[in-house]
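If you want the building blocks of each chain, they are given just below.
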Amino acid sequence: MYLIVGLGNPGKQYENTRHNVGFDAVDLLVDEYRVPSSGKQHKAMYGKGVIAGQKVILAKPLTYMNLSGESVRALVDYYKIDPEEELIVIYDDISLEPGKIRIRKKGSAGGHNGIKNIIAQLGTQNFQRVKVGVGEKPKGWDLADYVLGHFSKEDRGLVDDALKRVAGAVELMVQGEVDQAMNQFN
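Parameters at a glance
Residues numbered from 1 in each chain as written. Predicted model: local features only at pLDDT ≥ 70, side-chain atom pairs only at ≥ 80, totals over all residues. Heavy atoms only, no water. UniProt positions renumbered as here; feature names shortened; annotations may be inferred. Helix = DSSP H or I, 4+ residues; strand = E, 2+ residues; numbered from the N terminus. Contact = heavy atoms within 4.5 Å. Expected span 1.5 Å × (residues − 1). Buried < 20%, exposed > 50% of the residue type's maximum accessible area, 1.4 Å probe, protein only. Arc of directions from axis to C-beta. Phe/Tyr/Trp six-rings, centres within 6.5 Å; stacked < 30°, edge-to-face > 60°. Lys NZ or Arg CZ within 6 Å of the ring centre and 35° of its normal.

- Looking at an unreviewed UniProt entry, one finds the protein chain named Peptidyl-tRNA hydrolase, with Oliverpabstia intestinalis as its source organism.
- The Catalytic activity (unreviewed entry) field of the UniProt record for the protein chain holds the comment "an N-acyl-L-alpha-aminoacyl-tRNA + H2O = an N-acyl-L-amino acid + a tRNA + H(+)".
- Of the protein chain, the UniProt comment under Sequence similarities (unreviewed entry) reads exactly: "Belongs to the PTH family."

Examining the UniProt feature "site: Discriminates between blocked and unblocked aminoacyl-tRNA" (unreviewed entry) in the protein chain
And step 1. Sequence positions flagged by UniProt for "site: Discriminates between blocked and unblocked aminoacyl-tRNA" (unreviewed entry) are, in local numbering, Asn9.
And step 2. Position of Asn9 among the secondary structure elements: in the loop between β1 (2-6) and α1 (21-32).
And step 3. Those residues in contact with Asn9 that sit more than four places away from it in its chain are Tyr14, His19, Asn20, Phe23, Tyr64, Met65 and Leu148.

Topic: helix α2 (residues 68-79)
And step 1. An ideal rise of 1.5 Å per residue puts 16 Å on 12 residues; α2 measures up with 17 Å between its terminal C-alpha atoms.
And step 2. What α2 keeps buried is the set Ser68, Gly69, Ser71, Val72, Leu75, Val76 and Tyr79. Buried residues along α2 cover an arc of 160° about the axis, so they all sit on one side.
And step 3. Contacts from the buried residues of α2 go to β1, β3 (44-51), β4 (54-61), α3 (83-86), β5 (87-93) and α4 (113-122).
And step 4. Of the residues flanking the end of α2, it is Lys80, one or two places downstream, whose phi is positive at about 55°.

Some remarks on the packing of aromatic side chains
And step 1. All chains considered together, the criterion is met by 4 aromatic pairs.
And step 2. Between Tyr14 and Tyr64, the aromatic rings sit 6.1 Å apart at their centres with planes inclined by 80°, giving edge-to-face as the arrangement. Of the two residues, Tyr14 sits in the loop between β1 and α1 while Tyr64 sits in the loop between β4 and α2, which places them 50 residues apart along the sequence.
And step 3. The class of Tyr14 is buried, set by a relative accessible area of 19%.
And step 4. Put simply, the rings of Tyr46, Tyr78 and Tyr79 pair up and form one aromatic cluster.
And step 5. The side chain of Arg18 reaches across the aromatic face of Tyr146, ending 3.9 Å from its centre.

Next comes the structure, spelled out in structure tokens:
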């Protein structure tokens with residue numbers, strides 16, 4: 001079973017912001033693979049379903065970004081997920097242009113507070129992730145203001161296209177084809 005977590009912040013005011021592309025990715029996966037909601041538990045909204053013949057749990061932590069690891073830890077513990085093999089985290093990356101995605105098998109937090117908290121809670125940085133580019137913050141902007149801001153119409157279109165590619169990448173990843181996903185989508 002795979003645990004696929006999209007990072008973001010709960011609440012209407014955060015919908016469609018740069019920091020919530022992980023939530024957007026999970027929403028797309030829910031629609032694409034008709035994953036029914038299982039409700040709220042483990043500090044997350046989640047649903048159980050099947051992607052490419054593999055059982056999956058799709059989750060959106062409700063802890064706010066900086067405490068995402070609390071929810072991920074609770075889900076990993078409850079469902080006995082091996083984070084190094086069965087966890088995929090989808091989140092925003094300011095070092096990638098809007099519309100770009102990058103798949104990694106492991107890595108540091110790279111300054112992302114949600115990932116920092118997941119690493120701290122799990123005690124490992126060895127988990128798969130899909131980064132979705134949201135673009136670099138303009139000079140002089142506060143980082144929090146930028147990532148909590150909304151996309152331009154053009155950038156939103158690029159990100160929506162990227163999210164469709166995220167779905168394709170996740171489909172390969174849950175079949176154990178991470179290298180193929182990296183070659184095809186990075």
